[in-house]
Amino acid sequence: MTLANDTTAPDFDLPNQFGEHIRLHDFRGKKPVALVFFPLAFSSTCTTELCDLRDNLALFQHDQVELIGISVDSKATLRAFADAEGYDFTLLADFWPHGAVAKEYGVFLEEKGFATRATFLIDIDGVIRSSFITAPGQARSIGEYTEALAELNATRV
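Report follows, based on the coordinates. Since we're looking at a predicted model, the values are computed, not measured. (Residues numbered from 1 in each chain as written. Predicted model: local features only at pLDDT ≥ 70, side-chain atom pairs only at ≥ 80, totals over all residues. Heavy atoms only, no water.)

### Some remarks on the pattern of salt bridges
According to the stated counting rule, one finds ten salt bridges in the structure shown. A salt bridge links D6 to R129, with the nearest nitrogen and oxygen atoms 2.8 Å apart. Pair noted here: D6 is in the segment before strand 1 (13–15) and R129 is in strand 9 (residues 128–133), with a separation of 123 residues, a long-range link. Judged by its relative accessible area of 55%, D6 falls in the exposed class. When its relative accessible area of 24% is taken as the criterion, R129 is described as partly exposed. With its nearest N and O atoms 3.0 Å apart, the salt bridge here joins K31 to E66. Taken together, the positions of K31 in the loop between strand 2 (21–23) and strand 3 (33–37) and E66 in strand 4 (residues 66–71) put the pair 35 residues apart, joining distant regions of the chain. (Salt bridge = Lys/Arg side-chain N within 4 Å of Asp/Glu carboxyl O. Helix = DSSP H or I, 4+ residues; strand = E, 2+ residues; numbered from the N terminus. Buried < 20%, exposed > 50% of the residue type's maximum accessible area, 1.4 Å probe, protein only.)

Keep in mind these numbers describe shape, not what the thing actually does.
If you want it as C-alpha cells, here you go:
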C-alpha cells in the first residue's frame, strides 16, 4: 500500500550515481525533498520524464527543494544514464536489496521487478506532504509537479 500524505517518510541510505551514500534524514531541518521513483533508466518514458525534470529544474531550485530520482538500476547504470542525458540532480540506486526502498514506500511492482512512477514531496521534518502516482506507461507532467510543490509550500510556515 502506497504511503499516505501526512505520514513520516521512511529513511533510507542508498548510493547515488557517483557511489556516494545519500540518506533522507540528512535533509531534515535543511530542505524539502522531491523523491521521484521511476521504473528503469534508458527506457523511453523514463528518459522523457527525467529530461522534463532536467529542463524544469528551476521549479525545484526556486522552492529550494532537493530533487532525487530513484530506481532499481545499479549506480553504474544510473551514472551512464545521467551522463548521457545531462541530468544535474541526484539519482539513487535501489538495487540491493532489490527495490527495498520502493517497497517501504509501497510503490514496488513485484510482478515487474521495479517501482511504479510515484512522486513524494517530503517537508523538512521528513513528513510526506504531497504525492502522486501515474498509471503504468503514463508519464508524469510538469503540471503535476507544480501542483505538488504548491501543496508542499502551503504547509511551510
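Don't stop here, the text continues.
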